[in-house]
Amino acid sequence: MDKKEIYGKSYFWSELAAFPLIIYYRLKGKNIKQLLYELLSRVQKKYSDTVITFQEKEELLIQYEELNNFFAYHFKKIDSSRSHNFDEKINYCLNQFKKESNSLTSASKLVILQENFLKGAEQTLSIYFKLNGKTERRLYLSDILVGKFTDERLKNFLLSQKFIDENNNLIVDNKSFFFRILKSLKDKKFINQSFTDKTIVEVLQNEYNSKLDNSLFSKASNITPDESETEIIEELISLLDN
């Protein structure tokens, strides 16, 4: 990584301010290894039992890849290695810190490096433990629909009405009407009543590869379908009833 992103510009007065901190760390403060392991214990305890959805996992993976600090740079490099366990990866990062700190002649840069290292470790390890925790199984329509052929019949109907394409992508512009169809299916008990609207939206996102809005689903569901929509919904209900 570019070291300019860590240290920025150096000024004479920042050197003067850094010296007392360096002396304190040397005489009374804890060393970097102690501080890192205390942080590690705290973060691991907080996030190890976290359960995340597949959607949250995908978002965390993006955040993990975008991390840009001294600790993350070295941890991500060694994390891809299968020949190192977790403790060895932490020690590797500590060794990289020691190498970098030993190369510095500036007190202010040493303070900046330590702060960057510890803050970066907290950010990186928080995401790491979340990603390595439990992930909920992704739900699809077949998991929440009731009836032996409901899933297949619904898919064929949505294809014929141009709501989805052959690759199961949602292509309809009027998503409000699509939501009202799903609400009608729940009212008619073709969707398991135990699932909340929020879960239904997550299922639709998984099923149809689309980003959908929970609030729009709620609003659309509270609007009475017009005559043309009612005809289409009744046609679907009749198809599923047979």
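Asks: Which residues make up the pattern of salt bridges, and what are the values?
Replies: Following the criterion strictly, the structure yields 5 salt bridges and no others. Measuring nitrogen to oxygen at the nearest pair gives 3.5 Å for the salt bridge that ties Asp 197 to Lys 186. Within this pair, whereas Asp 197 is found in helix H11 (residues 197-208), its partner Lys 186 is found in helix H10 (residues 175-187), the two being separated by 11 residues in sequence. On the basis of relative accessible area, Asp 197 is assigned to the partly exposed category, the value being 27%.

Asks: How would you explain the packing of aromatic side chains if you had to name every residue and give the values?
Replies: Within the structure shown, the criterion is met by 14 aromatic pairs. A centroid spacing of 5.7 Å and a plane angle of 50 degrees characterise the contact between Phe 86 and Phe 129, whose relative ring orientation is tilted. Highlighted residues: Phe 86 in helix H6 (residues 86-102) and Phe 129 in helix H7 (residues 107-131), separated in sequence by 43 residues. Taking relative accessible area as the criterion, Phe 129 reaches 7% and is therefore assigned buried. Their ring planes at 75 degrees and their centres at 5.6 Å tell us that Tyr 128 and Phe 129 sit as a pair that is edge-to-face. Each member of the pair, Tyr 128 together with Phe 129, is buried. Taken together, the ring pairs connect Phe 70, Phe 71, Phe 75, Phe 86, Phe 97, Phe 117, Tyr 128 and Phe 129 into an aromatic cluster.

Asks: Account for the nonpolar core, naming residues and giving values.
Replies: Within the largest apolar cluster, 31 residues are counted, with the highest numbers of intra-cluster contacts made by Leu 141, Leu 158, Phe 178, Leu 182, Leu 185, Leu 204 and Tyr 208. At 6 residues, the largest contribution of residues to this core is made by H10. Ranked by size, the runner-up nonpolar core spans 29 residues in total, among them Phe 71, Ile 90, Leu 94 and Tyr 128.

Cut-offs used in this document
Residues numbered from 1 in each chain as written. Predicted model: local features only at pLDDT ≥ 70, side-chain atom pairs only at ≥ 80, totals over all residues. Heavy atoms only, no water. Salt bridge = Lys/Arg side-chain N within 4 Å of Asp/Glu carboxyl O. Helix = DSSP H or I, 4+ residues; strand = E, 2+ residues; numbered from the N terminus. Buried < 20%, exposed > 50% of the residue type's maximum accessible area, 1.4 Å probe, protein only. Phe/Tyr/Trp six-rings, centres within 6.5 Å; stacked < 30°, edge-to-face > 60°. Core = buried A, V, L, I, M, F, W, Y, C linked by side-chain atoms within 4.5 Å.

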